[in-house]
Amino acid sequence: MDFKAFSQKLADKIGGDYQEYDDNHSIFIVPLEDSRFQTVIARIVEHEKYGRKIVQVSSKVCSTEEQIDYAAVLEASKDFIHTNFIVEDGYLKIDTSIYMDYADEALIEDMVKEVAETADEWENKITGKDIN
């Protein structure tokens, strides 16, 4: 898969913006309802534990300094299809990944959309703002 070409095609399809970071990183600005937007990063990386390439898609929800009901966050995860919550670099994030061998364009599109929608929903629930 030509990740750059795919990323541009996806951004055009969803009406968002795409910023080329490098051959393995794409940054999307995904338009959502109510004139909201969410920044989503998709990247191809080597998974340290399993030694295989994965596609990882993530977006910030908010700083971990916010008042976060972690029990509610974890409870909500049971209803997600692709995504889960993680804490990384001082931020609560929405994240998903799949082995590159199993990834196709339709699946990655679904992953980007779900990450954007879920991160925005929880960003709004926790902060009441559109921060990204």
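Undergrad: Got a minute to help me understand the overall build of the chain in this structure?
TA: A tally of helices and strands in the chain yields three helices and six strands. Ordered by position from N to C terminus, the α and β elements of the chain give α-β-β-β-β-α-β-β-α. For the chain, whose C-alpha radius of gyration is 14 Å, the value lies close to the compact-globule estimate of 14 Å for 132 residues. Across its three principal axes, the chain shows a C-alpha extent of roughly 40 × 35 × 25 Å. Within the chain, the fraction of its 132 residues that count as buried is 42%. Across the chain, contacts joining residues at least 24 apart in sequence account for 53% of those joining residues at least 6 apart. Accessible area of the chain: about 7600 Å², with a carbon and sulfur share of 45%. Both charge centroids of the chain, one from 14 positive and one from 29 negative side chains, sit 2 Å from each other.

Undergrad: Please explain the nonpolar core as it appears in this structure.
TA: Where a protein is soluble and globular, its nonpolar side chains tend to be buried together. Judged by nonpolar contacts, the single largest core of 34 residues is most densely connected at Phe-28 and Val-61. Those elements giving two or more residues to this core turn out to be α1 (3-14), β2 (25-31), β3 (37-47), β4 (52-63), α2 (70-76), β6 (91-99) and α3 (105-127). Top element by residues in this core is α3. It accounts for eight residues.

Undergrad: Sorry, what's going on with the packing of aromatic side chains here?
TA: The description of an aromatic ring pair rests on the distance of the ring centres and on the angle between the ring planes. For the structure shown, the criterion picks out five aromatic pairs. Ring-pair connections join several aromatic residues into one group, and the members of that group are Phe-80, Phe-85 and Trp-122. The ring of Tyr-99 has Arg-52 sitting right over it, with the charged end atom 3.6 Å from the ring centre. A cation over an aromatic ring shows up here: Lys-60 above the ring of Tyr-91, its NZ or CZ 4.0 Å from the ring centre.

Undergrad: When you look at the sheet that holds β4 in this model, what are you seeing that I'm missing?
TA: Backbone-to-backbone hydrogen bonds join strands into a sheet, with any given pair of strands oriented parallel or antiparallel. Strand order across the open sheet formed by six strands is β1-β2-β3-β4-β6-β5, with antiparallel pairing between neighbours. Every other strand in the sheet has two partners, leaving β1 (17-22) and β5 (84-88) as the edge strands with one partner each. Direction aside, neighbouring strands of the sheet carry axes that sit 30 degrees apart on average. In this structure, β2 lies alongside β3, joined through seven bridges in antiparallel fashion. What sits directly across from Val-30, in β3, is Gln-38. The strands touched by α1 are β1, β2 and β3; relative to β2, the strand with the most contacts, the crossing angle is about 5 degrees.

Undergrad: When you look at the packing of α1 against α3 in this model, what are you seeing that I'm missing?
TA: In helix packing, the relevant descriptors are the interaxial angle and the interaxial distance, both defined with respect to the helix axes. Packing of α1 against α3 leaves a shortest axis separation of 11 Å and a crossing angle of 55 degrees. When the interaxial angle is binned, α1 and α3 end up oblique. Where α1 crosses over α3, the two elements pack in a sense that is right-handed. When α1 is examined against α3, the residues Phe-6, Lys-9, Leu-10, Lys-13 and Ile-14 are found in contact with a partner set consisting of Glu-105, Ile-108, Glu-109, Val-112 and Lys-113. The class makeup of the residues in the contact of α1 with α3 is five nonpolar, no polar and five charged.

Parameters at a glance
- Residues numbered from 1 in each chain as written.
- Predicted model: local features only at pLDDT ≥ 70, side-chain atom pairs only at ≥ 80, totals over all residues.
- Heavy atoms only, no water.
- Helix = DSSP H or I, 4+ residues; strand = E, 2+ residues; numbered from the N terminus.
- Rg over C-alpha atoms; globule rule 2.2 N^0.38 Å.
- Buried < 20%, exposed > 50% of the residue type's maximum accessible area, 1.4 Å probe, protein only.
- Contact = heavy atoms within 4.5 Å.
- Areas by Shrake-Rupley, 256 points an atom, 1.4 Å probe, with all protein chains shown as cover.
- Lys, Arg positive; Asp, Glu negative; His and termini not counted.
- Charge placed at Lys NZ, Arg CZ, Asp CG, Glu CD.
- Core = buried A, V, L, I, M, F, W, Y, C linked by side-chain atoms within 4.5 Å.
- Phe/Tyr/Trp six-rings, centres within 6.5 Å; stacked < 30°, edge-to-face > 60°.
- Lys NZ or Arg CZ within 6 Å of the ring centre and 35° of its normal.
- Pairing = 2+ DSSP bridges.
- Axes fitted to C-alpha atoms, helices over the stretch in contact; angles between N-to-C directions.
- Parallel < 35°, antiparallel > 145°, perpendicular 65-115°, else oblique.
- Left-handed = near helix turned anticlockwise from the far one by under 90°.
- Nonpolar A, V, L, I, M, F, W, Y, C, P; charged D, E, K, R; others polar.

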